[in-house]
Amino acid sequence: MLVREQLTMSDYRDKDPLIHGIQSKIRVVPNFPKPGIMFQDITTLLLDPKAFKDTIDLFVERYKGKNISVVAGIEARGFIFGPPIALEIGAKFVPLRKPKKLPGKVISEEYVLEYGKDCLEMHVGAVEPGERALVVDDLIATGGTLCAAMQLLERVGAEVVECACVIELPDLKVEDMEYVSHLGLE
Amino acid sequence: MFAGDQNGLQGDPRLKAISEAIRVVPHFPKPGIMFQDITTLLLDHKAFKDTVDIFVDRYRDMGISVVAGVEARGFMFGPSIALAIGAKFVPLRKPRKLPGEVISEAYVLEYGMDCLEMHVGAVQPGERTLVIDDLVATGGTLSAAIRLLERAGAQVVECACVVGLREVKGQHGLNGKPLYILVEPRQQINCSAPPVNGVETCRHDDLILGGNFGSPVNTTSKSD
């Protein structure tokens, strides 16, 4: 996959007060899940109805009218942001899940973790060839999970229009990334 | 209480469409369980939207400030409801997922125990709350959710599920809390859904359970 453009929503100047409001609601929890990690906790954003709504509205504004018929959310925090976006833009919502959670026939995509591997699954038949898809997660770190998500969608013939995340971590490794849109929160 | 029992929603075609959009997957996660798969509901934009709208119409004027969703399928319905009624969304999660200080509530499974957690400070004493999950089986998970919220001093107004049985069987009940359900579980595979693991969608033999697998009330099982 080629690196294309990485878009930061805070590049849109008139959005700055909204972005700042959203950013201020995200709590940083040091040393979780292990020492040295500064965990970006979006649950505090969800406790502020206005900030949560602003987050969704920013994504909806970007993706409405782009003929996107699929919003794929990554378990589990992608399940919080994805469905409201899907409902607003008229798309279906497809959960991408850890192994053995989806009951029907699935396709699986393995990806590399810092130590070891993990796997993401999608129901067969959820997405049709040629559909335009958005991938949603709360945060992008290395991009490994998002890449697995894109692979799943592309394997069934969908076109991944963009990946959307609330937060991007500063040390994102941009190889293997396509379009990534985030709210510029670091 | 079922949505279709109420005056305003009796015979509402939206409920029939929601029921038919849910796929039944036999013998998942184990033999005898007719799994109610709501992922096919999420693929039907109108039916998914109607699901959320029915809940929103019910809860928007009840002074509810918290929607608590049970991991993970409660996350698919809860936030949209919360956004529409102006409430905050609180995820109730499996152990060690929430990063901050948590309170935990253990609950009994068919074999063994599990645990639900909530962030300390997410909910304030006196807040009126709604608990949401995709399905209720024995009520064990919902009961644990109710206990978490009440331990934080909140008032649970109601539990809401897309799918559930008319009577919550098993030893749990719901601590006396009202339960609002949109549709009942179906025993038969939905003919309009895609084939599952090569099983034709309209075959009925050996899908209607009896005998070895116990009574129908045991065929709906809660997993995450």
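- Looking at an unreviewed UniProt entry, chain B carries the name adenine phosphoribosyltransferase, with the source organism given as Hibiscus sabdariffa.
- In its Sequence similarities (unreviewed entry) section, the UniProt record describing chain B reads: "Belongs to the purine/pyrimidine phosphoribosyltransferase family."
- Entered under Subunit (unreviewed entry) in the UniProt record, the comment concerning chain B runs "Homodimer."

- Per an unreviewed UniProt entry, chain A goes by the name adenine phosphoribosyltransferase and belongs to Hibiscus sabdariffa.
- Taken directly from UniProt, the Subcellular location (unreviewed entry) text for chain A runs: "Cytoplasm".
- Per its UniProt entry, chain A bears the Pathway (unreviewed entry) comment "Purine metabolism; AMP biosynthesis via salvage pathway; AMP from adenine: step 1/1."

Section: the packing of helix α4 (residues 78–89) of chain A against helix α4 (residues 74–85) of chain B
- Here α4(A) crosses α4(B) at 60°, and the two axes come no closer than 8 Å. Between α4(A) and α4(B), the interaxial angle falls into the category oblique. Crossing angle aside, the handedness with which α4(A) passes α4(B) is right-handed. When α4(A) is examined against α4(B), the residues Phe79(A), Ile80(A), Pro83(A), Pro84(A) and Leu87(A) are found in contact with a partner set consisting of Phe75(B), Met76(B), Pro79(B), Ser80(B) and Leu83(B).
- Per-class residue counts for the contact of α4(A) with α4(B) are 9 nonpolar, 1 polar and no charged.

Structural notes on the sheet that holds strand β4 (residues 88–92) of chain B
All names here are of chain B.
- With parallel pairing, the 5 strands of this open sheet are ordered in space as β4-β3-β7-β8-β9. Where the open sheet ends on each side, the last strands, each with one partner, are β4 and β9 (179–183). For this sheet, the mean angle separating the axes of adjacent strands, direction not counted, is 25°.
- Each of β8 (155–164) and β9 is contacted by helix α1 (residues 13–21), which is oriented at about 75° to β9, the strand it contacts most.

With respect to the confidence of the model for chain B
- Mean pLDDT over chain B: 85, with 81% of residues reaching 70 or higher.
- For this predicted complex, the interface score ipTM comes out at 0.90, while the overall pTM is 0.88.

Quick word on the interface of chain B and chain A
- Counting residues at the interface gives 37 residues for chain B, matched by 36 residues for chain A.
- Here chain B and chain A share an interface that buries about 3000 Å² over both sides, 68% of which is from carbon and sulfur atoms.
- Of all residues in chain B, Leu43(B), Leu83(B) and Pro99(B) give up the largest surface area on contact with chain A, accounting jointly for 21% of the area buried on that side.
- Run the count over chain B and chain A and you get 0 salt bridges.

Rules of the game
- Residue numbering note: each chain is counted from 1, following its sequence as written.
- Whichever chain is written first is A, and whichever ligand is written first is 1; the rest continue in order.
- Owing to the predicted nature of the model, reporting of local features is limited to residues with pLDDT of at least 70; listing and counting of side-chain atom pairs is limited to 80 or more, with chain, interface and lining totals taken over all residues.
- Where side-chain values are given, they derive from all heavy atoms of the structure, hydrogens and water being excluded.
- UniProt positions are given in the numbering used here, feature names are shortened, and annotations may be inferred rather than shown by experiment.
- In this analysis an axis means a line fitted to C-alpha atoms, helices contributing only their contacting stretch, and an angle means the value between N-to-C directions, from 0 to 180 degrees.
- Elements are defined by DSSP. Helices are runs of H or I of four residues or more, strands are runs of E of two residues or more, and each kind is numbered from the N terminus.
- Small angles under 35 degrees read as roughly parallel and large ones over 145 as roughly antiparallel, with 65 to 115 read as roughly perpendicular and the rest as oblique.
- Left-handed describes a crossing whose near helix is turned anticlockwise from the far helix through less than a right angle; right-handed describes the clockwise counterpart.
- Whether two residues are in contact is decided by their heavy atoms, any of which lying within 4.5 Å being enough.
- Residue classes follow a fixed rule: Ala, Val, Leu, Ile, Met, Phe, Trp, Tyr, Cys and Pro count as nonpolar, while Asp, Glu, Lys and Arg count as charged, and any other residue, Gly among them, counts as polar.
- The pairing criterion is simple: DSSP has to find at least two bridges between the two strands.
- Each residue carries a pLDDT score, the predictor's own confidence in it, on a scale running from 0 to 100.
- Buried area is calculated as the accessible area (1.4 Å probe) missing from two parts once they are joined, with the contributions of both summed.
- Salt bridge, as applied in this entry: a Lys or Arg side-chain nitrogen positioned within 4 Å of an Asp or Glu carboxyl oxygen.

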